[in-house]
Amino acid sequence: MSIQDFTPGHVEQLTAFFGRLPESDLTFIKEDVTPAALGAWPAAPGQRWVDVDDDGTVNGVAALLRLTSWSNHVAELRLVVDPATRGRGIGRKLAQHAVAHAVRSGLLKVVVEVPAAQERITEMFLDLGFTGEALLRDHFRDLNGQLQDLIMLAYLSEQTFDALSAVGMADMMGDD
Ligand SMILES: CC(C)(COP(=O)(O)OP(=O)(O)OC[C@H]1O[C@@H](n2cnc3c(N)ncnc32)[C@H](O)[C@@H]1OP(=O)(O)O)[C@@H](O)C(=O)NCCC(=O)NCCS
């Protein structure tokens, strides 16, 4: 398994990946994932990554989408892993990779939205240095049509950098 920058060469396997995802997981991507739309994704390094097996199968995707205008120092992280390969560390690796890239590229803040009921996923982001930012009540409907809360978590890279600098570990932020 390896994390690669998204390129047009991944479109076929990425289309198959999205085809395997249940509707409820597709909502986390918040983008059109038809083959035509994927073909139009920019192949700009540092925006989207795929986790790929040796045979080319895509197991997960992460996107770091920079906000615009007054908030162009902030990016939203979106992350989905194939349900069949969850629990093997792919999600954590993709999230680490995207956050490390965000810090290196000067983004000051990364936000991610997690269903409030998914405590283990929230734990993963807290482990990675995210902190609670907001509770969005009744923010999405689950598969049964029930309204559910979302938690917005934020990674503040300046705070992390300051904290690491204070103990002489700022160089760590260069590692993926
Ligand atoms: C969130 C998600 C990307 C994690 O992917 P993953 O590859 O399973 O993640 P990892 O294997 O790295 O596990 C990360 C943590 O998730 C939790 N986790 C793993 N398997 C789990 C499972 N079957 N059920 C619930 N939580 C689980 C664990 O707390 C784990 O932490 P650990 O590494 O300390 O054990 C994946 O669950 C997913 O695609 N969910 C739907 C989309 C989503 O919620 N995205 C997040 C916000 S955009």
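Each value, and the rule that gives it
Residues numbered from 1 in each chain as written. Predicted model: local features only at pLDDT ≥ 70, side-chain atom pairs only at ≥ 80, totals over all residues. Heavy atoms only, no water. Helix = DSSP H or I, 4+ residues; strand = E, 2+ residues; numbered from the N terminus. Buried < 20%, exposed > 50% of the residue type's maximum accessible area, 1.4 Å probe, protein only. Contact = heavy atoms within 4.5 Å. Axes fitted to C-alpha atoms, helices over the stretch in contact; angles between N-to-C directions. Parallel < 35°, antiparallel > 145°, perpendicular 65-115°, else oblique. Left-handed = near helix turned anticlockwise from the far one by under 90°. Near = heavy atom within 4 Å. Polar contact = N/O pair within 3.5 Å; in protein donor to acceptor, adjacent residues only side chain to side chain. Areas by Shrake-Rupley, 256 points an atom, 1.4 Å probe, with all protein chains shown as cover. 1 Å grid on protein atoms, 1.4 Å probe; cavity = no way out; pocket = protein on both sides within 12 Å on 5 of 7 lines; lining within 4 Å. Sits in = over half its atoms within 2 Å of the grid points. Nonpolar A, V, L, I, M, F, W, Y, C, P; charged D, E, K, R; others polar.

- If you check an unreviewed UniProt entry, the chain appears there as GNAT family N-acetyltransferase from Rhodococcus antarcticus.

Focus: the environment of M1
So, step 1. If you trace the backbone, M1 turns up in the segment before β1 (2-5).
So, step 2. A relative accessible area of 47% places M1 in the partly exposed class.
So, step 3. Remark: the alpha-carbon pair of M1 and A62, spanning 61 residues in sequence, is separated by 15 Å.
So, step 4. Apart from the residues lying within four places of it in its own chain, the contact partners of M1 are D51, V52, D53, D54, N59, I90 and K93.

Section: the packing of helix α4 (residues 90-104) against helix α5 (residues 119-127)
So, step 1. One way to put it is that α4 packs onto α5 with a least axis distance of 11 Å and a crossing angle of 40°. In this view, α4 runs oblique relative to α5, as classed from their interaxial angle. Judged by the sense of rotation from one axis to the other, the crossing of α4 with α5 is right-handed. Counting all contacts with α4, which are made through G91, R92 and A95, the residues of α5 involved are M124, F125 and D127.

Thoughts on the site of the ligand
So, step 1. By nearness alone, 17 residues border the ligand, and V81, G87, G89, G91 and R92 come closest of all.
So, step 2. One nitrogen or oxygen atom from the main chain of R88 is found 3.1 Å from an oxygen atom belonging to the ligand.
So, step 3. The contact in question runs from an oxygen atom of the ligand to an N or O atom on the backbone of R120, over 3.2 Å.
So, step 4. Surface burial for the ligand is 77%, taken as the share of its 910 Å² of free accessible area covered by protein chains.
So, step 5. Using a 2 Å cut-off from the grid points, one finds that the ligand occupies the largest pocket.
So, step 6. At the level of secondary structure, the elements contributing two or more residues to the shell around the ligand comprise β4 (74-81), α4, β5 (109-115) and α5.
So, step 7. The residue inventory of the shell around the ligand, partitioned by class, reads eight nonpolar, three polar and six charged.

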